[in-house]
Amino acid sequence: MMKALYQARATAVGGREGHARTDDGKLEVSLALPRELGGNGNGTNPEQLFAAGYAACFENAVRHVARLQKKTITASSVTATVGIGPNESGGFGLEVALDVRLEGIERSDAEMLVKIAHEQVCPYSNATRGNIPVTVTLA
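One structure accompanies this document, and this report is about it. (Residues numbered from 1 in each chain as written. Predicted model: local features only at pLDDT ≥ 70, side-chain atom pairs only at ≥ 80, totals over all residues. Heavy atoms only, no water.)

Some details on the overall build of the chain
Helix and strand content of the chain: three helices and six strands. For the chain, the spread of C-alpha atoms along the three principal axes comes to 45 × 35 × 30 Å. Here the chain holds 139 residues, and the buried ones make up 31% of them. Of the roughly 9,200 Å² of accessible surface on the chain, a fraction of 52% belongs to carbon and sulfur atoms. (Helix = DSSP H or I, 4+ residues; strand = E, 2+ residues; numbered from the N terminus. Buried < 20%, exposed > 50% of the residue type's maximum accessible area, 1.4 Å probe, protein only. Areas by Shrake-Rupley, 256 points an atom, 1.4 Å probe, with all protein chains shown as cover.)

Considerations on the sheet that holds strand E6 (residues 134-138)
The mixed open sheet is built from three strands, whose spatial order is E4-E5-E6. Because the sheet does not close on itself, it has two edges, and the strands there are strand E4 (75-86) and E6. Strand-to-strand twist of the sheet, defined as the mean angle between neighbouring strand axes without regard to direction, takes the value 15°. Across 12 bridges, E4 lies against strand E5 (residues 92-103) in antiparallel orientation. From the neighbouring strand, Thr81 faces E5, where its bridge partner is Ala97. The sheet strands contacting helix H1 (residues 46-68) are E4, E5 and E6, and the helix crosses E4 at an angle near 145°. Set on the sheet, helix H2 (residues 107-121) makes contact with E5 and E6; between it and E6 the angle comes to about 160°. (Pairing = 2+ DSSP bridges. Axes fitted to C-alpha atoms, helices over the stretch in contact; angles between N-to-C directions. Contact = heavy atoms within 4.5 Å.)

As for the sheet that holds strand E1 (residues 10-13)
Pairing in this open sheet of three strands is antiparallel, and the strands run E1-E2-E3 from one edge to the other. Where the open sheet ends on each side, the last strands, each with one partner, are E1 and strand E3 (28-30). Averaged over neighbouring strand pairs, the angle between their axes works out to 10° when direction is ignored. With four bridges connecting them, E1 and strand E2 (residues 19-22) associate as antiparallel partners. Among the inter-strand pairings, Val13 is bridged to a residue of E2, identified as His19.

As structure tokens, then:
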């Protein structure tokens, strides 16, 4: 069992056409189905929230590994693309593509940092491993 160092808590009302709010009020969003899924697209959606969270977490994981390895990154960004679509069992599934940009570091070192971040450190990568396809590309 893991000992949680922090817990986030959010409540959604109305599903994909409702609202979501964290218990501390720091995040409050209107939710709407994207146009591509038949909605009006006038709010955010769970896939956008997941993409933002995964991108931020993965970039932090890469920077953490860089500090541990005593490597200097001058600039970085991670773009997460989350796709949703029908799966073989009649439900829906997700897929993620992470595009990582690291500056000020040799390519071989960047590859090592990204690999360790994805295979060991990032909690989003650890949670999704074996559950959904995740591809990581280093620019």
